[in-house]
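Structural characterization, general
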Amino acid sequence: YKGCTYTAVTPQRIVLVQKGRLYRAKGYHITIWCNVSGYQGSSQQNFQWSIYLPSAPEREVQMISTMDSSFPYAIYTQRVRSGEIYVERVQGDSALLHITKLQDQDAGEYECHTPTTDERYFGSYSAKMNLSVIPDTLSATMTPQALTLVEGDPLGLTCEVSKSTAQHTHVSVAWYHLQGAEDPQATVILSLSKDFVLTPGSSYVQRFLSDVRLDKVGDTTYKLSIGKVQPSDQGQVYCEAAEWIQDPGGSWKDITRKQTEKTLLTVRSQGKIDFQANIAAVESSLAEGKPLQVNCSVKAQNSQNRWFQVVWLFKEVEVARIDPHGVLALKKEYEERAALGQLQVVKKSNEMYILKVYQVELKDKGTYSCEVSEMEKASASFSIIQSKMSSGIDVNVKPIVVQTKVFTKIVEGDTLILHCEVSGATSPLSLNWWHLQKSGDQLEHVVGMERDGMLRPGPSYQERSANRDLRLEKINSTTFTLAIYNTSATNDGGHYKCEVTEWSMDRSWKQAQETSVAISLDLRAMLISRTANVKFTQDFELFCQVSVSHLITSVPISVTWQFQPILGTSGYQKLIKIMPTGTIEWGAAQPHFQRKTRVTQAASSSQLLIHSATEQDAGRYRCEVEVWRRSSQQAQQPHPCPASSHPTSSCPSKLRVNTEDRSLEISGSADTEIECNVISLTQRDSQLAITWYFLPPSPADAAPLQIVRTNYSNILDYGAEFSSAMQKSKFHSERVSSNLFWLRMLSVNHGDRGRYYCLVEEWLWSADRGWYNLGKKESGKTMLEFKVSGKYTNEDVTLSCLLQGPSQPVSLFSAIWFHGLEHSGMKTLVKVYVSGMVEYAEEEMVERLHFRRTSSGDFSLRLQSVEPGDTGVYCCQVQEWQQDSGGAWVQLASELSGYTRLTVLPPESTISSRVCSSPSLLHFVLIYPLILFVGLTAALLYLYVKNRQAHKESIYQRKGKELWVDFKGAGGVEPTYSDHNNLEEEMNNLKE
């Protein structure tokens, strides 16, 4: 333009190199670009690469040049000549440095230099960047296998991908398919990118989501699922994982890549394929009243696309049929039982059919089998293609067995003791004793004991029960003892029947056993005179010798001396009677004998001495012996209390109880007994009431809690805190002997820690006062503690989880085990479903975790070869399920166990490891709520920062759930599930 002067400006040379620092993995091919601009001269620029090693950062080590083959130093000459290191010209002024196999010594500062072609030096002629060589930690594994499937069968393959790179990296996973061994190009089935985007391959777009899916299971497992395989799926399938890192320029670069071994898949076309029918019982030998479950399983390929009919047979007779549509048809008797809720036949899946009798009876004993027929659908009807009969399975139903034991022949006045022992019972029992004196008589009810321990004497035995001449005791869970005191030969002999009833829900089963009892009295009296001929005024003696079939001292007897005058015509007249207590009664007919007669009596004889015989004394003499029942002599027996003129004075108690404190250590969830020992009583026939108490370990001034009381009539009364069905089934008061009592505790856990003691009350009976309390004494305290057991690395440990208390027969149970560090979040370890299927949260734990299912309510977990990482707190959660009318499973209840703390130390450690149950966390939560809340918030914030990318992964996992800890105001820590679809929002809410 007018007035402007133009001056030519020489451009400035600029050399740019790829921005560093770059992180690349050892052993992989890498490139570094270098560009030059603003140069003069030829458009074909040259490039020279050098490196400054970390060991000598100031010394240049020449690597490769595009213009001088002698440029490389000796350490790089061979690698350059072999082509391991080379320069690729992208354009005349742009080049790439290639290192095809990166080595550790390749780490350092790289310089790209461009020799000048300019008229003068102006600008930059070189640029530098840094390269770090990191180890290859990526791993991708899949077990190689050869699978043969039928068209339409499901396919599931898992790929384990892990890394331990120190830098922040992402992982991508892709599944590939090779049509044949000669196929050079693999086809992508489904891939998950480093940005967590799922993309199907071109051949699988139509089947994506509906039939083909990729799930991330846990932290390292990627599962490929194909719902129905097709012939085109035949070939080789493998998994490839790549690790990606973000370079300083913002772009992402794959630095490592691994392929798994291949799975060979063969897909056969669908046609007539054989199948198998099998039958199995959950328990083939069981007690009457227990649930019976018989499973008929069908093993067939592509079963979900085939039609089956199942016929159940009992003793080779059809009892139930399920058609291909799942419609059930029952025979009459079984239809009636099903209507009453006693029986159920269900199709659980196309491969599993279940016959369940909730309360099995003796008539259910026999052989069960099932016949499975494959059906072909033609228009609206079905026709049988083929049928298979399972083998038979024998089911044995064991009734409860009642046995009675007794001394078959006893003497009148003795105590009759009858034992009734029950075996095979698994449910609560009630019992009744019956008496038949002789054939043709009506059965008399002696006494009964209800399921709750309540005693009910029969109408004819109520007075004897009140007078303590009748007692029924439950010695243990299966033995009952009936004691009848002061027996009568005329009233108590005959047949006795023990009738036991087992109760389950609203149904009961009875069994009875009879025994004969003979009560006799073999009493003989013999009269002896030492003087054959008696003269007037002479003294004479008569001896009455008594013999009985057992020791005479144990039977109260009275002796009556009688006289019949020789001149009289009347019968015998009473001279004198000596009562069992020693009281003498004179007869009124012959008063002159009182002045001249002396009587002495020993244990088995009586002596009558008459002084100065007269004509009046001539005649016949006789002695009569009587045996007395002890109850009838009760008023005449001397009272143990001293005489007192004060009407309200009481008898001093001689009751003594062992007051020594003791300690009891147990381990695990074993059963145990607390003893209560009575040393002495005021009277031998005193009746005792026993009350058991529990003192919690904290607080120190805690009031004692009543567990259970057994009164003098053997009636049980549980305390308010121990009145639940679960507590009643756990704590049992038992009388082991006349002076030893036990509190039996089943499946003791850490929450039972504390002190236990008994309160003994002595009760007596009097005609004017009835039953009255003579005194009471407390026993010493028994401290219940848990043993500390050491667990070292590689040892095994069993964590107990037992369901206590009765449950409904129609219920099924699931369980979840949790593991975590104390006072921090807990995560799911393993689940067992109502079907018995076990799901592990981490695949690597499958070999180390085992359920020890000794019963349906036992979810104990065995952890094999413990490691330091297993240290922490464990607990289990059991859930009860029932099917509703529509067949859906509905949760009825859920209960969380106590906590078990596990500490694992290395073998060389001298500090003992411990496995112990922790007490309730209630007090800790109440005392330190602020500390817990702040700690939890910090933990969650840290989790959010560390796992922000991991959260993105869970979006594609769909099934994944995270376990968080919810501190509830009611106390304790209870794990709950939460789907964290918006983690940031929840974190903001938590921070607020």
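As annotated in an unreviewed UniProt entry, the chain carries the name CD101 molecule and comes from Chelonoidis abingdonii. Per its UniProt entry, the chain bears the Subcellular location (unreviewed entry) comment "Membrane".

**Topic: the overall build of the chain**
Helix and strand content of the chain: 8 helices and 72 strands. The burial tally for the chain puts 42% of its 992 residues in the buried class. Counting every atom, the chain has about 52100 Å² of accessible surface; 50% of that belongs to carbon and sulfur.

**Describing the pattern of salt bridges**
Pairing between side chains of opposite charge can happen when their charged atoms approach one another. Under the definition given, this model contains 34 salt bridges. Put simply, Arg321 and Glu318 hold a salt bridge, and the shortest N to O gap is 2.9 Å. Look at Arg321 and you get partly exposed, because its relative accessible area is 29%. Linking Glu585 and Lys574 is a salt bridge whose minimum nitrogen-to-oxygen distance equals 3.6 Å. Here Glu585, found in strand β46 (residues 584-586), pairs with Lys574, found in strand β45 (residues 573-578); they are 11 residues apart in sequence, far enough to count as distant. For Glu585, a relative accessible area of 33% puts it in the partly exposed group.

**Considerations on the sheet that holds strand β21 (residues 275-281)**
Spatial strand order, β21-β23-β28-β27: 4 strands in an open sheet with antiparallel pairing. Edge strands, defined here as strands with exactly one partner in the open sheet, are β21 and β27 (343-349). Each strand of the sheet is rotated relative to its neighbour by a mean of 15°, with strand direction disregarded. Note that β27 and strand β28 (residues 352-357) share 6 bridges and pair antiparallel. Across the sheet, residue Val346 finds its bridge partner in β28, namely Ile354.

**Considering the nonpolar core**
If you look at the biggest cluster of nonpolar residues, it comprises 31 residues, and the most contacted ones within it are Leu292, Val294, Trp312, Val345, Tyr353, Tyr368 and Val372. With 5 residues, the single largest contributor to this core is strand β23 (residues 292-300). By size, the runner-up hydrophobic cluster in this structure holds 28 residues, among which are Ile32, Val36, Ile85 and Ile99.

**Quick notes on the confidence of the model for the chain**
Close inspection of predicted coordinates is inappropriate for parts of the model with low pLDDT. On average, residues of the chain score 78 in pLDDT, and 81% of them reach the 70 mark or higher. Between residues 631-650, whose pLDDT stays under 50, and residues either more than four places distant or in other chains, the model counts 13 contacts. Of the regions scoring below 50 in pLDDT, residues 909-992 engages in 125 contacts with residues more than four places distant in sequence or in other chains.

**Considering the state of the cysteines**
In total, this model carries 7 disulfides according to the counting rule given. Covalent S-S linkage joins Cys159 and Cys239, the inter-sulfur distance amounting to 2.4 Å. Handedness here is read from the sign of the S-S torsion; for Cys159 and Cys239, about -75°, the answer is left-handed. Here the residue Cys159 occupies a position in strand β12 (residues 155-162), and Cys239 occupies one in strand β18 (residues 235-246), the gap between them amounting to 80 residues. In this model, Cys544 is linked to Cys623 through a disulfide, with the two sulfur atoms separated by 2.0 Å. Negative torsions about the S-S bond denote left-handed disulfides, and the value of about 65° found for Cys544 with Cys623 makes this one right-handed. Separated by 79 residues along the polypeptide, Cys544 in strand β43 (residues 540-547) and Cys623 in strand β49 (residues 619-627) bring together distant segments of the chain. Of the two residues, Cys544 and Cys623, both sit in the buried class. Left without a disulfide partner, Cys875 is nearest to the cysteine sulfur of Cys876, which lies 7.1 Å away.

**Brief notes about the pairing of β28**
Where burial is concerned, most of β28 is hidden: 5 out of the 6 residues are buried. In terms of strand pairing, β23 meets β28 through 6 bridges, oriented antiparallel. The partner of Val294 across the bridge, within β28, is Leu355. Here β27 hands over to β28 after 2 residues, the two strands then running antiparallel side by side.

**Some thoughts on the packing of aromatic side chains**
By the definition in use, this model includes 11 aromatic pairs. For the pair Phe275 and Phe308, a centre-to-centre distance of 5.4 Å together with 70° between the ring planes defines the contact as edge-to-face. Here the residue Phe275 occupies a position in strand β21, and Phe308 occupies one in strand β24 (residues 307-314), the gap between them amounting to 33 residues. Judged by its relative accessible area of 2%, Phe275 is buried. Pairwise contacts between aromatic rings join Phe540, Phe563, Phe593 and Tyr621 into one cluster. Its end group placed over the ring of Tyr52, Lys128 keeps NZ or CZ at 4.4 Å from the ring centre. Just above the ring of Tyr757 sits the side chain of Lys781; from NZ or CZ to the centre is 4.5 Å.

**Quick look at unusual backbone geometry**
That bond from Gly20 to Arg21 is cis: its omega, 10°, falls within 30 degrees of zero. Checked against the element boundaries, Arg21 lands in the loop between β1 (14-17) and β2 (22-25). Positive phi values are uncommon outside glycine, yet Ser612 reaches one of about 50°. With respect to the helices, strands and loops of the structure, Ser612 is situated in the loop between β48 (605-610) and β49. Taking relative accessible area as the criterion, Ser612 reaches 33% and is therefore assigned partly exposed.

**Looking at a nonpolar patch on the surface**
Taken together, Ile14, Leu16 and Trp33 make up a surface patch of nonpolar side chains, about 260 Å² in accessible area. Among the secondary structure elements, Ile14 is positioned in strand β1.

**What about the sheet that holds strand β57 (residues 740-745)?**
If you walk across this open sheet you meet the 4 strands as β50-β52-β57-β56, and the pairing is antiparallel. The open sheet has two edge strands with one neighbour each: β50 (656-657) and β56 (731-735). In terms of strand pairing, β50 meets strand β52 (residues 672-680) through 2 bridges, oriented antiparallel. Following the sheet pairing, Arg656 is matched in β52 by Ser680.

**Thoughts on the environment of Leu849**
If you trace the backbone, Leu849 turns up in strand β65 (residues 849-852). Excluding its chain neighbours within four sequence positions, the residues that come into contact with Leu849 are Leu829, Val830, Tyr840, Leu861, Arg862 and Leu863.

**Describing the environment of Lys377**
With respect to the helices, strands and loops of the structure, Lys377 is situated in strand β29 (residues 366-378). Distance in space between the C-alpha atoms of Lys377 and Trp307 is 7.9 Å, their sequence separation being 70 residues. Excluding its chain neighbours within four sequence positions, the residues that come into contact with Lys377 are Trp307, His325 and Phe382.

**So, the environment of Gly754**
Structurally, the position occupied by Gly754 is in strand β58 (residues 754-766). Classification of Gly754 as buried rests on a relative accessible area of 2%. The sequence separation of Gly754 and Phe694 amounts to 60 residues, and the corresponding C-alpha distance is 7.0 Å. Not counting residues within four places of it along the chain, the set of residues in contact with Gly754 comprises Phe694, Leu695, Pro697, Thr782, Met783 and Leu784.

**Looking at the side chain of Asp106**
If you trace the backbone, Asp106 turns up in the loop between β7 (94-99) and β8 (108-113). When neighbours within four sequence positions are excluded, Asp106 is seen to be in contact with Ile51, Tyr76, Arg79, Ile99, Lys101, Leu131 and Val133.

**Details of the side chain of Ser733**
Its place among the elements puts Ser733 in strand β56. Here Thr710 takes part through its side chain, which lies 3.4 Å from a polar atom of the side chain of Ser733. If near-sequence neighbours (up to four positions away) are discounted, Ser733 is found in contact with Trp692, Val708, Thr710 and Trp742.

Cut-offs applied
Residues numbered from 1 in each chain as written. Predicted model: local features only at pLDDT ≥ 70, side-chain atom pairs only at ≥ 80, totals over all residues. Heavy atoms only, no water. UniProt positions renumbered as here; feature names shortened; annotations may be inferred. Helix = DSSP H or I, 4+ residues; strand = E, 2+ residues; numbered from the N terminus. Buried < 20%, exposed > 50% of the residue type's maximum accessible area, 1.4 Å probe, protein only. Areas by Shrake-Rupley, 256 points an atom, 1.4 Å probe, with all protein chains shown as cover. Salt bridge = Lys/Arg side-chain N within 4 Å of Asp/Glu carboxyl O. Pairing = 2+ DSSP bridges. Axes fitted to C-alpha atoms, helices over the stretch in contact; angles between N-to-C directions. Core = buried A, V, L, I, M, F, W, Y, C linked by side-chain atoms within 4.5 Å. pLDDT = per-residue confidence, 0-100. Contact = heavy atoms within 4.5 Å. Disulfide = S-S within 2.5 Å. Phe/Tyr/Trp six-rings, centres within 6.5 Å; stacked < 30°, edge-to-face > 60°. Lys NZ or Arg CZ within 6 Å of the ring centre and 35° of its normal. Patch = residues over 30% accessible without salt bridge, like charges linked within 9 Å, V, L, I, M, F, W, Y side chains within 5 Å. Polar contact = N/O pair within 3.5 Å; in protein donor to acceptor, adjacent residues only side chain to side chain.

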